[in-house]
Amino acid sequence: IRVLMRLDRALGFADASIHGAVTFALDRLIAAQYPIGAWPQRFAAPPDHAKFPVRRASYPATWDRTWPGPVYQQHYTFNDNSIADAIDTMLRSYDAVVTYGPLHVAPRLGVEPEMTAFTVETCLTPFNLSAHPAMVQCTGYSAEGLPLAWQIVANRDDEASALALAAAYEQA
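Residues numbered from 1 in each chain as written. Predicted model: local features only at pLDDT ≥ 70, side-chain atom pairs only at ≥ 80, totals over all residues. Heavy atoms only, no water.

Structural notes on the pattern of salt bridges
Rule in force here: Note on definitions: salt bridges are taken to be side-chain nitrogens of Lys or Arg within 4 Å of carboxyl oxygens of Asp or Glu. Summary of the burial criterion: residues with accessible area below 20% of their type's maximum are buried, those above 50% are exposed, and those between are partly exposed, where the area comes from a 1.4 Å probe applied to protein chains only.
For the coordinates displayed, the defined rule picks out five salt bridges. Here D88 and R92 are joined by a salt bridge, their closest N and O atoms 3.4 Å apart. For D88, a relative accessible area of 1% translates into the label buried. Ionic pairing is found between R156 and D88, a salt bridge with its closest N-O pair at 3.7 Å.

What follows is the structure in structure tokens.
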């Protein structure tokens, strides 16, 4: 897909058959995505979104906040980079992408359960996993005076695009 995308861009998106192939491939990549934003390890068919509803994270008050098992980071993980590769391919369609950063207004420090929701329910994680340059920029303030933000994500090795977009916003 990436080779076709580079060719499509180099041709100025003028070749209808190449542009159509790129558009079809990107549409199929989006169709393979689960509602929470993940992709399957192996693709067989687009997921049935009704079977994978997005649910708000919740933690029963009776649950201990300490992981009871062994230290997870000491275990090896099989990872074929499928999520990072899919994100990279999608981003190559653009110079930069603007997304939500946090999905909530920042809570006062230490206020639970809002603090957990603020740090867990976020759009920041996919780009931490895919190693794309990303920055969170303040876009204003809530009625309570707490910061609101968006996230600017650029292609790998193109931090300049994220910084240029942020600077343009600051100048506007």
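Past the structure itself, the notes keep going.
A look at the environment of L129
Heads up, the rule is: Every helix listed is a DSSP run of H or I at least four residues long, and every strand listed is a run of E at least two residues long, numbered separately from the N terminus.
Mapped onto the elements of the fold, L129 is located in helix α5 (residues 125-130). With 17 residues separating them along the chain, L129 and E112 place their C-alpha atoms 26 Å apart.

A look at the pairing of strand β3 (residues 147-154)
Selection rule: Strands are labelled as partners when DSSP assigns at least two bridges between them.
Both strand β1 (residues 96-100) and β3 contribute to a ladder of five bridges, which runs antiparallel. The residue bridging A96 from the neighbouring strand is A154, located in β3. One ladder, built from seven bridges, connects strand β2 (residues 134-141) with β3; its direction is antiparallel. By the bridge assignment, Y141 is partnered in β3 with P147. Where β2 folds back on β3, the antiparallel hairpin that results is connected by five residues, among which G145 adopts a positive phi of roughly 85°.

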